[in-house]
Amino acid sequence: MGICEVGIVCDGLYLNNRNMKDAISDSMGMAGELVIKSFKDGKLIREAGPFKNKVVSSNGYGRNLIMRQLAGDTTYPIEIDSASIGDGTTPPANGDTNLENPLETAIPLTNVVVSNNVITIEVFMPDGDLPDDTYSEFGFFANLRLFSRILINPAHVKATGEDTLFVYTLTNTG
């Protein structure tokens, strides 16, 4: 494809501000998914997911944090450092700044690995740390600022004696 300008036909495509904006957005895409694994007595008893996420994009949250850093604005750190789980049921949206109804917050991350354009984050919660309940949303935070939110559907039902491992994979799709 050659060098193109907005408002002209280039390589058979008419370029306008809208499809240029979409092309830029597509090249900066991020896709994440969460898998939930339940263990009892050290043995895997159930696995659910993957559940797709929304990397939010309101001012000072999610993708906006990345853009601020690229522009030299280091007001907010962008390191994903904690998670929260709740029972909200509203689908994630760009304007989200928290979970709809967080039940457990500031959950520490267990393991973070970066390989090429993929980040894998694990959050392990032993039986005594995650109360028995029904959970339908999960989020990751950078310095207490929502980065991504996941709707868990069907909901995750945590029972007595179960340890839970949340495995989140975030991929740069651009």
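Report on the accompanying structure. All values derive from a computational prediction rather than experimental measurement.

### Looking at the environment of P92
Phase 1 of the analysis: Residue position: P92 is located in the loop between β5 (82-86) and β6 (102-108).
Phase 2 of the analysis: Contact partners of P92, with chain neighbours within four places excluded, come to K54, R149, I150 and L151.

### So, the sheet that holds strand β9 (residues 133-142)
Phase 1 of the analysis: If you trace the nine strands from one edge of the open sheet to the other, you get β6-β5-β9-β10-β4-β3-β11-β8-β7, paired in antiparallel fashion. The open sheet has two edge strands with one neighbour each: β6 and β7 (111-115). Each adjacent strand pair in this sheet contributes to an overall mean axis angle of 20 degrees, direction not counted.
Phase 2 of the analysis: Bridge count between β9 and strand β10 (residues 145-158): nine bridges; the pairing is antiparallel.

### Here we look at the packing of aromatic side chains
Each aromatic ring pair is summarised here by two numbers: the centre-to-centre distance and the angle between the ring planes.
Phase 1 of the analysis: If you walk through the whole model with that rule in mind, you get three aromatic pairs.
Phase 2 of the analysis: Every member of this aromatic cluster is reached through a ring pair, and the members are F138, F140, F166 and Y168.
Phase 3 of the analysis: Its end group placed over the ring of Y61, R145 keeps NZ or CZ at 4.3 Å from the ring centre.
Phase 4 of the analysis: Positioned above the aromatic ring of Y76 is the side chain of R145, whose terminal nitrogen or guanidinium carbon lies 3.9 Å from the ring centre.

### A look at the environment of I80
Phase 1 of the analysis: Relative to the elements of secondary structure, I80 occurs in the loop between α2 (63-70) and β5.
Phase 2 of the analysis: Using a relative accessible area of 12% as the deciding quantity, one classes I80 as buried.
Phase 3 of the analysis: Distance from I80 to L109, taken between C-alpha atoms, is 8.6 Å for residues 29 residues apart in sequence.

### So, the nonpolar core
Phase 1 of the analysis: Counting 22 residues, the largest nonpolar core has L34, V123, F138, F140, F166 and Y168 as the members making the most contacts within it.
Phase 2 of the analysis: The set of elements that each furnish at least two residues to this core consists of β3 (30-40), β4 (43-55), β5, β8 (118-125), β9, β10 and β11 (162-172).
Phase 3 of the analysis: Among all residues touching F138, those that are not within four sequence positions of it are L34, A83, S84, I85, L99, V123, S148, R149, I150, I152 and F166.

### As for the pattern of salt bridges
Phase 1 of the analysis: On inspection of all chains with the given rule, the structure shows eight salt bridges.
Phase 2 of the analysis: With a shortest N-O distance of 2.9 Å, E33 and K52 are connected by a salt bridge. Linking E33 in strand β3 with K52 in strand β4, this pair joins segments that are 19 residues apart in sequence.
Phase 3 of the analysis: Given a relative accessible area of 58%, K52 falls into the exposed group.
Phase 4 of the analysis: Each of D96, E100, E137 and R149 takes part in one network of salt bridges that share partners.

### Focus on the pairing of β8
In regular strands, side chains alternate between the two faces of the sheet.
Phase 1 of the analysis: In this structure, β7 lies alongside β8, joined through five bridges in antiparallel fashion. Directly across from N111, in β8, lies its bridge partner E122.
Phase 2 of the analysis: Taking the residues that link successive antiparallel strands as the turn, the β7-β8 hairpin has two residues, and the phi of N116 there is positive, at about 55 degrees.
Phase 3 of the analysis: Note that β8 and β11 share eight bridges and pair antiparallel. In the strand pairing of β11, V118 is matched with T171.

### Things to note about unusual backbone geometry
Phase 1 of the analysis: Omega for the peptide link from G49 to P50 comes to 15 degrees, which places this bond in the cis form.
Phase 2 of the analysis: Considering the arrangement of structural elements, one finds P50 in strand β4.
Phase 3 of the analysis: In this structure, P154 follows N153 across a cis peptide bond, with omega equal to 10 degrees.
Phase 4 of the analysis: The topology assignment puts P154 in strand β10.
Phase 5 of the analysis: For D41, which is not glycine, the phi dihedral falls at a positive 55 degrees.
Phase 6 of the analysis: Its identity as a non-glycine residue notwithstanding, A106 has a phi of 50 degrees, on the positive side.
Phase 7 of the analysis: Turning to its location among the elements, A106 is positioned in strand β6.
Phase 8 of the analysis: By relative accessible area, which is 48% here, A106 ends up partly exposed.

Rules used in this analysis
- Residues numbered from 1 in each chain as written.
- Predicted model: local features only at pLDDT ≥ 70, side-chain atom pairs only at ≥ 80, totals over all residues.
- Heavy atoms only, no water.
- Helix = DSSP H or I, 4+ residues; strand = E, 2+ residues; numbered from the N terminus.
- Contact = heavy atoms within 4.5 Å.
- Pairing = 2+ DSSP bridges.
- Axes fitted to C-alpha atoms, helices over the stretch in contact; angles between N-to-C directions.
- Phe/Tyr/Trp six-rings, centres within 6.5 Å; stacked < 30°, edge-to-face > 60°.
- Lys NZ or Arg CZ within 6 Å of the ring centre and 35° of its normal.
- Buried < 20%, exposed > 50% of the residue type's maximum accessible area, 1.4 Å probe, protein only.
- Core = buried A, V, L, I, M, F, W, Y, C linked by side-chain atoms within 4.5 Å.
- Salt bridge = Lys/Arg side-chain N within 4 Å of Asp/Glu carboxyl O.

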